[in-house]
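# Understanding the architecture of this molecule
So you can see what is in the structure, the chains are spelled out below.
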Amino acid sequence: MVQAAILVIFPMLVAFGGASDLLTMTIQNRVSLLLIAGFAILAVATGLPLQAWGMHALAFAVIFAPCFLFFAFGWMGGGDVKFISAIALWIGFSQELLMFVLFVAIYGMFLTFGLLVMRQQSVVPSVLYRQEWFARLHDSKSGIPYGIAIAIAGLQVYSSTYWFDLIR
């Protein structure tokens, strides 16, 4: 049962958060709260040592602090800050955390440049523009749904974490 939870909870919530940001430009608080609760439940269920709890909490704090500043300056949305921090909690303070941050930056760059190019296109198929989520993405006044990049990076790094060591 624990192995199934490891394979389902994190990927499902992270994929939902990324898709939600794509479609609504919002990552609901409950996604981040469920990620944190899922971590705590699995940490207890797997007997995660107290020192490891601290390393995972450190990862959360190390990511949350600068991202909160980015939010304060208006460079990042609040949902993105909570989402990336909750994912960091699962990853822990390890080399995987560095890979996660690097992948978020790379994927975020491609996402941003791709959206900027798309937003300069004046001719868009009407079937797409009638979709509310696409019209929002195409709107140059709209932000960047960075949760997509965060989710892809989180899913990519997850298989290299402590959690997968438990099911190998």
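Look above for the structure.
What this report covers is the structure whose coordinates are included nearby. (Residues numbered from 1 in each chain as written. Predicted model: local features only at pLDDT ≥ 70, side-chain atom pairs only at ≥ 80, totals over all residues. Heavy atoms only, no water.)

### A short note on the packing of helix α1 (residues 2-24) against helix α4 (residues 78-91)
Packing of α1 against α4 leaves a shortest axis separation of 12 Å and a crossing angle of 160°. The orientation of α1 relative to α4 falls into the category roughly antiparallel. With respect to the hand of their crossing, α1 and α4 are arranged in left-handed fashion. Facing Ile9, Phe10, Leu13, Val14, Gly17, Gly18 and Asp21 of α1, the residues of α4 in contact are Asp80, Phe83, Ile87 and Trp90. Grouping the amino acids of the contact of α1 with α4 by side-chain chemistry returns seven nonpolar, two polar and two charged. (Axes fitted to C-alpha atoms, helices over the stretch in contact; angles between N-to-C directions. Helix = DSSP H or I, 4+ residues; strand = E, 2+ residues; numbered from the N terminus. Parallel < 35°, antiparallel > 145°, perpendicular 65-115°, else oblique. Left-handed = near helix turned anticlockwise from the far one by under 90°. Contact = heavy atoms within 4.5 Å. Nonpolar A, V, L, I, M, F, W, Y, C, P; charged D, E, K, R; others polar.)

### Some remarks on the nonpolar core
Counting residues in hydrophobic clusters, the biggest one holds 37 residues, and the most contacted among them are Leu35, Phe83, Ile87 and Phe100. Mapped by element, the contributors of at least two residues to this core are α1, α2 (29-45), α3 (50-72), α4, α5 (95-120), α8 (147-158) and α9 (162-165). With nine residues, the single largest contributor to this core is α4. Every residue in contact with Phe100, bar those within four places of it in the chain, is listed here: Ile84, Ile87, Ala88, Ile91, Ile150, Ala153, Gly154 and Val157. (Core = buried A, V, L, I, M, F, W, Y, C linked by side-chain atoms within 4.5 Å. Buried < 20%, exposed > 50% of the residue type's maximum accessible area, 1.4 Å probe, protein only.)

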